Amino acid sequence: MKELDLLKKDWQKDDHSFEQVSEIEIYKMIHKKSSSIVKWILIISILEVLLWTCLSVCFDSDEYLEKIQHSEFITYFEVLNYANYAVILVFIYLFYKNYILISTTASTKQLMKDILKTRKTVQYYVWYNLAMLVFSLIIGFIIAFVYNPEMEVLKEKIAENNKVMAITIGVLFLISLLLFGLLWLFYRLLYGILLRRLYVNYKELKKIDL
């Protein structure tokens, strides 16, 4: 933002200054920075998909389902996985569309609208991924508890003592909360910085538009 700050200082100089910078030049600078930020959001989202794909290959759920002798769930998980990828690809398309819109926008008002639209799209994307994490954890815990033969000992203890159930639920809740917190922090660092910079650009455009 150093270049923008310098432009603003020049713009605020005396009207007779030969180095005075017009609103149009400031707009061009903000436009360029906004376009660059949205491009990085698009690039990061694609890299993120590649990362999760690599992790899913390394930690294959099919082997676990075959191990507990319930391979009939594999088809359901494959359908869920394809549906999840389809939703993520839609978000990536929207990021690309927002990048094209911002890159070609020619008016201050439209650029402001596109910035707000991009921020909302990223926020929806983050909340979708967090919701999918919670959903996956719940399904995973249920399958492990109901169908994994190794859980028989725990089931017997729960039947004998209700405190064991309370402790088990508490431990699962803490694990879920920890994983949710880590993923939220991951997205906070990954996209939060870019969204804050984008919002700074929006506020600067708002000043110009007044």
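Keep in mind the model is a prediction, meaning the values are calculated, not measured.

## A look at the overall build of the protein chain
Right, on to step 1. Within the protein chain, the regular secondary structure consists of eight helices and zero strands.
Right, on to step 2. In the protein chain, which comprises 210 residues, the proportion classed as buried is 31%.
Right, on to step 3. Counting only carbon and sulfur atoms, one obtains 67% of the accessible surface of the protein chain, whose full area is about 14100 Å².

## Observations concerning the confidence of the model for the protein chain
Right, on to step 1. For the protein chain, mean pLDDT is 80; residues scoring 70 or higher make up 80% of the total.
Right, on to step 2. Across residues 16–20, where pLDDT falls below 50, the model places seven contacts with residues more than four positions away in sequence or in other chains.

## Some words on the environment of Ile92
Right, on to step 1. Among the secondary structure elements, Ile92 is positioned in helix H4 (residues 73–104).
Right, on to step 2. Looking at Ile92, the relative accessible area reads 13%, which means it is buried.
Right, on to step 3. The sequence separation of Ile92 and Val122 amounts to 30 residues, and the corresponding C-alpha distance is 9.7 Å.

## So, helix H7 (residues 162–190)
Right, on to step 1. Taking 1.5 Å of rise per residue, 29 residues should cover 42 Å, and H7 covers 42 Å from first to last C-alpha, within 8% of that figure.
Right, on to step 2. When H7 is considered as a whole, its buried residues turn out to be Thr168, Ser176, Leu183 and Tyr187.

## Here's the deal with the nonpolar core
Nonpolar side chains in soluble globular proteins generally cluster together in the buried interior.
Right, on to step 1. Counting 30 residues, the largest nonpolar core has Ile41, Ile115, Val122, Tyr125, Tyr187, Tyr191 and Leu205 as its most contacted members.
Right, on to step 2. The element contributing the most residues to this core is helix H2 (residues 23–58), with nine residues.
Right, on to step 3. Setting aside its immediate chain neighbours within four residues, Tyr187 contacts Glu48, Trp52, Tyr125, Val126, Asn129, Leu130 and Gly192.

## Comments concerning the packing of aromatic side chains
Right, on to step 1. Per the stated rule, a full pass over the model turns up nine aromatic pairs.
Right, on to step 2. With a centroid separation of 5.4 Å and 65° between ring planes, the pair formed by Phe91 and Tyr125 is classed as edge-to-face. Linking Phe91 in helix H4 with Tyr125 in helix H5 (residues 108–147), this pair joins segments that are 34 residues apart in sequence.

## A short note on the side chain of Arg119
Right, on to step 1. Within the secondary structure layout, Arg119 lies in helix H5.
Right, on to step 2. Look at Arg119: it is buried, it has no salt bridge, and the nearest opposite charge is Asp114 at 13 Å.
Right, on to step 3. Apart from the residues within four sequence positions on either side, Arg119 is in contact with Leu195, Arg196, Leu198 and Tyr199.

## Considerations on a nonpolar patch on the surface
Right, on to step 1. Together, Val134, Ile138, Ile142, Phe145, Val146 and Tyr147 give the surface a local cluster of nonpolar side chains, amounting to about 470 Å² of exposed area.
Right, on to step 2. Checked against the element boundaries, Ile142 lands in helix H5.

## Description of the packing of H5 against H7
Right, on to step 1. Look at H5 against H7: their axes get within 10 Å of each other, and the N-to-C directions meet at 155°. Between H5 and H7, the angle is such that the two are roughly antiparallel. Crossing geometry of H5 relative to H7 is assigned as right-handed. Here Tyr125, Val126, Trp127, Asn129, Leu130, Leu133, Val134, Leu137 and Phe141 of H5 come into contact with H7, specifically with Leu172, Ile175, Ser176, Leu179, Phe180, Leu183, Trp184 and Tyr187.
Right, on to step 2. When the residues that make up the contact of H5 with H7 are grouped by side-chain class, the tally is 15 nonpolar, two polar and no charged.

## A few points about the packing of helix H6 (residues 152–160) against H7
Right, on to step 1. Remark: H6 packs on H7, axes separated minimally by 5 Å, with the N-to-C direction vectors making an angle of 125°. What the angle tells us is that H6 and H7 run oblique. Contacts between H6 and H7 pair Leu154, Lys157, Ile158 and Glu160 from the former with Asn162, Val164, Met165 and Thr168 from the latter.

## Thoughts on the environment of Val126
Right, on to step 1. Locating Val126 in the fold gives a position in helix H5.
Right, on to step 2. Separated by 61 residues in the primary sequence, Val126 and Tyr187 place their C-alpha atoms 6.9 Å from one another.
Right, on to step 3. Non-local contacts of Val126, meaning those with residues more than four positions away in its chain, are made with Tyr187 and Tyr191.

Reading the values: rules and limits
Sequence order as written defines the numbering, with residues in each chain counted from 1. Selection of residues for local features in this predicted model requires a pLDDT of at least 70, selection of side-chain atom pairs for listing and counting requires 80 or more, and totals for whole chains, interfaces and linings are taken over all residues. Processing note: side-chain calculations cover all non-hydrogen atoms of the structure and skip hydrogens and water entirely. Numbering of helices and strands runs from the N terminus; a helix is a DSSP stretch of H or I covering at least four residues, while a strand is a stretch of E covering at least two. Note on classification: 1.4 Å probe, protein chains only; a residue is buried when its accessible area is under 20% of the maximum for its type, exposed when over 50%, partly exposed between these limits. Surface accessibility in these figures is a Shrake-Rupley result with a 1.4 Å probe; residues are shielded only by whichever protein chains are displayed. pLDDT is a per-residue confidence score from the predictor, ranging from 0 to 100. In what follows, a contact means two residues having at least one pair of non-hydrogen atoms within 4.5 Å. Helices are assigned an expected span. That span is 1.5 Å times one less than the residue count. We define the nonpolar core as a collection of buried residues of types Ala, Val, Leu, Ile, Met, Phe, Trp, Tyr and Cys that are connected through side-chain atoms lying within 4.5 Å of one another. Each Phe, Tyr or Trp ring (for Trp, its six-membered ring) is paired with any other whose centre lies within 6.5 Å, and the angle between the two planes then decides the class: stacked below 30 degrees, edge-to-face above 60, tilted in between. Positive: Lys, Arg. Negative: Asp, Glu. His and the chain ends are not part of the count. For this document, the term salt bridge refers to a Lys or Arg side-chain nitrogen within 4 Å of an Asp or Glu carboxyl oxygen. In this scheme, patches are assembled from residues that exceed 30% relative accessible area and form no salt bridge. Like charges are connected within 9 Å, while nonpolar side chains (Val, Leu, Ile, Met, Phe, Trp, Tyr) are connected within 5 Å. Note on definitions: angles span 0 to 180 degrees between N-to-C directions of axes, and those axes are lines fitted to C-alpha atoms, for helices only across the stretch in contact. Should an angle lie under 35 degrees it is considered roughly parallel, over 145 roughly antiparallel, and from 65 to 115 roughly perpendicular; all remaining angles are considered oblique. Definitions for this section: a left-handed crossing has its near helix turned counterclockwise from the far helix by less than a right angle. A right-handed crossing has that turn clockwise. Ten residues, namely Ala, Val, Leu, Ile, Met, Phe, Trp, Tyr, Cys and Pro, are considered nonpolar, four, namely Asp, Glu, Lys and Arg, are considered charged, and the remaining ones, Gly among them, are considered polar.

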